[in-house]
Amino acid sequence: MTADVVVVGGGVMGSSAAWHLAARGRRVTLLEQFAPGHGRGSSHGSSRIFRLAYPEPFYVSLAVRALPLWRRLEEDAGTKLLDLTGAVDHGPAAATSALHQALTAAGRPAELLDPTQVAERWPGLRADTSALFHPEAGRLHADDSVAAFQRAAAAHGAQVRHGVRASRLTVRDRGVELVTDSEEVIVAEHVVVAVGGWAPSLLSGLVPGLPPMRVTEEQPVHFPAAAPLDWPSFIHHGGARLDSEAGVYGLGSADGVKVGFHGVGPVVDPDRRGGGPDARAVEQVQEYARRWLPGVDHTTPTATTCLYTTTPDHDFVIDRRGPVTVLAGFSGHGFKFASVLGELAADLVEGHPAASRFALGAARAR
Ligand SMILES: Cc1cc2nc3c(=O)[nH]c(=O)nc-3n(C[C@H](O)[C@H](O)[C@H](O)COP(=O)(O)OP(=O)(O)OC[C@H]3O[C@@H](n4cnc5c(N)ncnc54)[C@H](O)[C@@H]3O)c2cc1C
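Keep in mind that this is a model prediction, so the values were computed, not measured.

Enquirer: Mind laying out the sheet that holds strand β3 (residues 48-50), listing which residues take part and the relevant values?
Expert: Note on sheets: strands pair through backbone hydrogen bonds, and any given pair is parallel or antiparallel. One open sheet holds the three strands; their spatial order is β3-β8-β4, and the pairing between them is antiparallel. Only two strands of the sheet have a single partner each, and these edge strands are β3 and β4 (82-83). The pairing of β4 with strand β8 (residues 138-140) spans two bridges and is classified as antiparallel. Each bridged residue has a counterpart across the sheet, and for Leu-82 the counterpart in β8 is Leu-140.

Here's what the structure looks like:
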């Protein structure tokens, strides 16, 4: 079989890249090793936070670009994916004022609040020393987003194939030869590799300049609450009264209020994961909920697991080497940007340069 572009990996990033490429008229094949809606990577479940608030203008402007592209996907796929409920950030004043400054410099609405005002507006949340609200934030439905990207890609002519694992990739004189787990050989002019936690193993030796990436198993917990879909998303920044420096994120979802410590899970091999949620880690999230989330029933946790793939500088990898474009290292904050990152991948395939922040090798710069 031959294809113009093969996208390997049907998580949110590969699916977005397939949508953008197919919409530009490319002949695209998307390969995903597992079944639709699987829960073994990073893009499953009912919710991900969407927010514009980052201390760095670079990420604020990237999130601003992502917003209309989510709306375009909703139109193209005929489904609602993003609910803007607003977001509450709280913690040390240095953290909230840096976010406030970055949002207002970008011309986006944001208001600083004190913990009493937070308690009045959102009685389920207890805020730390200082707080910030910005309305252009909320909840993406994760499973529905991945399905929507794939459906919209297919409507533009992409072939979406589940249950097909790319076992070997070899760069040839004019393109890439890809061998699947059933020994099918696919030859493509270009391959986009978006394999989440499998990136270190599939890409090592193939792409020079790939930064080291830690793959960890994170464990968010859902708690029952009244009207969870009305909750704002929230981030509790570490360093004030929060014992953990890691910070805590949360949001309302169809499964309850989701709460997790950011990036504290153990390193894992994505093909050899343990037996599911760790009881001690669940207790720590319950203890957090008891202290800071009076609006949830902290006695009834439901835990889930998910992979983070993290580079040393926490920036993503979005770059091209010859016929291979890499999308990797999206850690715990990539989902919100997926609608625009697929566009960046399509640009790379068409020969446009990468953002230096996301580059491979020595060109990688802040
Ligand atoms: C607990 C948790 C909470 C998060 N919360 C947020 C949030 O609130 N907001 C936010 O913006 N981001 C959040 N993120 C981050 C975001 O979800 C991830 O950055 C994003 O989902 C990464 O997507 P991906 O496509 O790179 O990886 P994945 O979703 O893992 O997709 C990679 C896919 O490639 C497939 N694959 C691998 N190898 C092969 C192969 N050889 N052949 C074929 N297929 C292959 C895998 O099966 C997988 O489906 C969170 C992440 C986690 C884990």
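Enquirer: Give a detailed account of the nonpolar core, specifying residues and quantitative values.
Expert: Nonpolar side chains in soluble globular proteins tend to end up buried together. Trp-70, Leu-73, Ile-318, Leu-327, Phe-337 and Leu-341 are the most contacted members of the largest nonpolar core, which totals 56 residues. Put simply, the parts of the chain that give this core at least two residues each are β1 (2-8), α1 (12-23), β2 (28-32), α2 (57-77), α3 (93-105), α5 (142-155) and α8 (338-349). Taken domain by domain, the makeup of this core includes at least three residues from each of domain 1 (2-44 + 143-208 + 312-363) and domain 2 (87-135 + 215-310). If we ignore the near neighbours within four places in the chain, the residues touching Leu-341 are Met-13, Leu-62, Phe-316, Ile-318, Leu-327, Phe-330 and Gly-334.

Enquirer: So what's going on with the site of the ligand? Residues and values would help.
Expert: Every one of the 35 residues lining the ligand counts as a neighbour, but Glu-32, His-38, Ser-43, Ile-49 and Cys-306 are closest to it. One nitrogen or oxygen atom from the main chain of Val-12 is found 3.3 Å from an oxygen atom belonging to the ligand. The protein chains hide 98% of the 1000 Å² of surface that the ligand would expose on its own. At the level of elements, α1, β2, β3 and β19 (306-310) are the ones that each hand at least two residues to the shell around the ligand. If one sorts the elements of the shell around the ligand by residue count, β19 sits on top with three residues. When its residues are assigned to classes, the shell around the ligand shows 18 nonpolar, 13 polar and four charged. When residues of the shell around the ligand are assigned to domains, at least three fall in each of domain 1 (2-44 + 143-208 + 312-363) and domain 2 (87-135 + 215-310).

Enquirer: Tell me about the packing of aromatic side chains, and please be specific about residues and values.
Expert: The tally for this structure, following the rule as stated, stands at 18 aromatic pairs. With a centroid separation of 5.7 Å and 55 degrees between ring planes, the pair formed by Trp-19 and Phe-149 is classed as tilted. With Trp-19 in helix α1 and Phe-149 in helix α5, the pair connects residues that are 130 residues apart, well separated along the chain. Summarising the aromatic geometry, the rings of Tyr-288 and Trp-292 are spaced 6.3 Å apart at their centres and angled 20 degrees between planes, so their arrangement reads as stacked. In this pair, Tyr-288 and Trp-292 both sit in helix α7 (residues 279-292), four residues apart, roughly one turn of the helix. Just as Tyr-288 is buried, Trp-292 falls in that class too. These aromatic residues form a ring-pair network of at least three members: Tyr-54, Phe-58, Tyr-59, Phe-316, Phe-330, Phe-337 and Phe-358.

Enquirer: Let's hear about α5: which residues, and what values?
Expert: In an α-helix, one turn spans 3.6 residues, which is why side chains three or four residues apart end up on the same side. Taking 1.5 Å per residue as the helical rise, α5 with its 14 residues ought to reach 20 Å, and the 20 Å between its terminal C-alpha atoms agrees with that figure. What α5 keeps buried is the set Ala-142, Ser-145, Val-146, Ala-148, Phe-149, Gln-150, Ala-152 and Ala-153.

Enquirer: An account of the environment of Gly-334 is needed here, citing residue identities and associated values.
Expert: When you line up the elements, Gly-334 lands in the loop between β21 (324-328) and α8. Under the relative-accessibility criterion, Gly-334 is labelled buried at 3%. Residues Gly-334 and Ile-49 lie 285 residues apart in sequence; the distance between their C-alpha atoms is 9.8 Å. Filtering out sequence-adjacent residues up to four positions away, Gly-334 remains in contact with Met-13, Phe-316 and Leu-341.

Enquirer: So what's going on with the domain arrangement of the protein? Which residues, and what values?
Expert: Partitioning the protein into structural domains gives domain 1 (2-44 + 143-208 + 312-363) and domain 2 (87-135 + 215-310). The interface is formed by 15 residues belonging to domain 1 together with 11 residues belonging to domain 2. At the surface where domain 1 touches domain 2, the tally comes to one salt bridge. Here domain 1 is connected to domain 2 by nine residue pairs in polar contact (both at pLDDT 80 or more). Looking at side-chain class alone, the side of domain 1 that touches domain 2 contains four nonpolar, nine polar and two charged residues.

Enquirer: Provide a residue-level description of the side chain of His-236, including the pertinent values.
Expert: In this fold, His-236 is placed in strand β15 (residues 233-236). At 2.7 Å, the side chain of His-236 forms a polar contact with the side chain of Tyr-288.

Enquirer: Just give me the short version of α3, but keep the residues and values in it.
Expert: Compared with an ideal rise of 1.5 Å per residue, which puts 13 residues at 18 Å, α3 spans 18 Å between its outermost C-alpha atoms and is within 8% of the ideal. By the burial criterion, the buried members of α3 are Thr-96, Leu-99, Ala-102 and Leu-103. Seen end-on, α3 carries its buried residues on one side only, within an arc spanning 130 degrees. Exposed residues pointing more than 90 degrees away from the buried face of α3 are listed as Ala-94, Gln-101 and Ala-105. Those residues of α3 hidden inside the fold are in contact with α2, β5 (87-91), β6 (111-113) and β7 (130-134).

The rules we used
Residues numbered from 1 in each chain as written. Predicted model: local features only at pLDDT ≥ 70, side-chain atom pairs only at ≥ 80, totals over all residues. Heavy atoms only, no water. Pairing = 2+ DSSP bridges. Helix = DSSP H or I, 4+ residues; strand = E, 2+ residues; numbered from the N terminus. Core = buried A, V, L, I, M, F, W, Y, C linked by side-chain atoms within 4.5 Å. Buried < 20%, exposed > 50% of the residue type's maximum accessible area, 1.4 Å probe, protein only. Domains from an automatic or database assignment. Contact = heavy atoms within 4.5 Å. Near = heavy atom within 4 Å. Polar contact = N/O pair within 3.5 Å; in protein donor to acceptor, adjacent residues only side chain to side chain. Areas by Shrake-Rupley, 256 points an atom, 1.4 Å probe, with all protein chains shown as cover. Nonpolar A, V, L, I, M, F, W, Y, C, P; charged D, E, K, R; others polar. Phe/Tyr/Trp six-rings, centres within 6.5 Å; stacked < 30°, edge-to-face > 60°. Expected span 1.5 Å × (residues − 1). Salt bridge = Lys/Arg side-chain N within 4 Å of Asp/Glu carboxyl O. Arc of directions from axis to C-beta.

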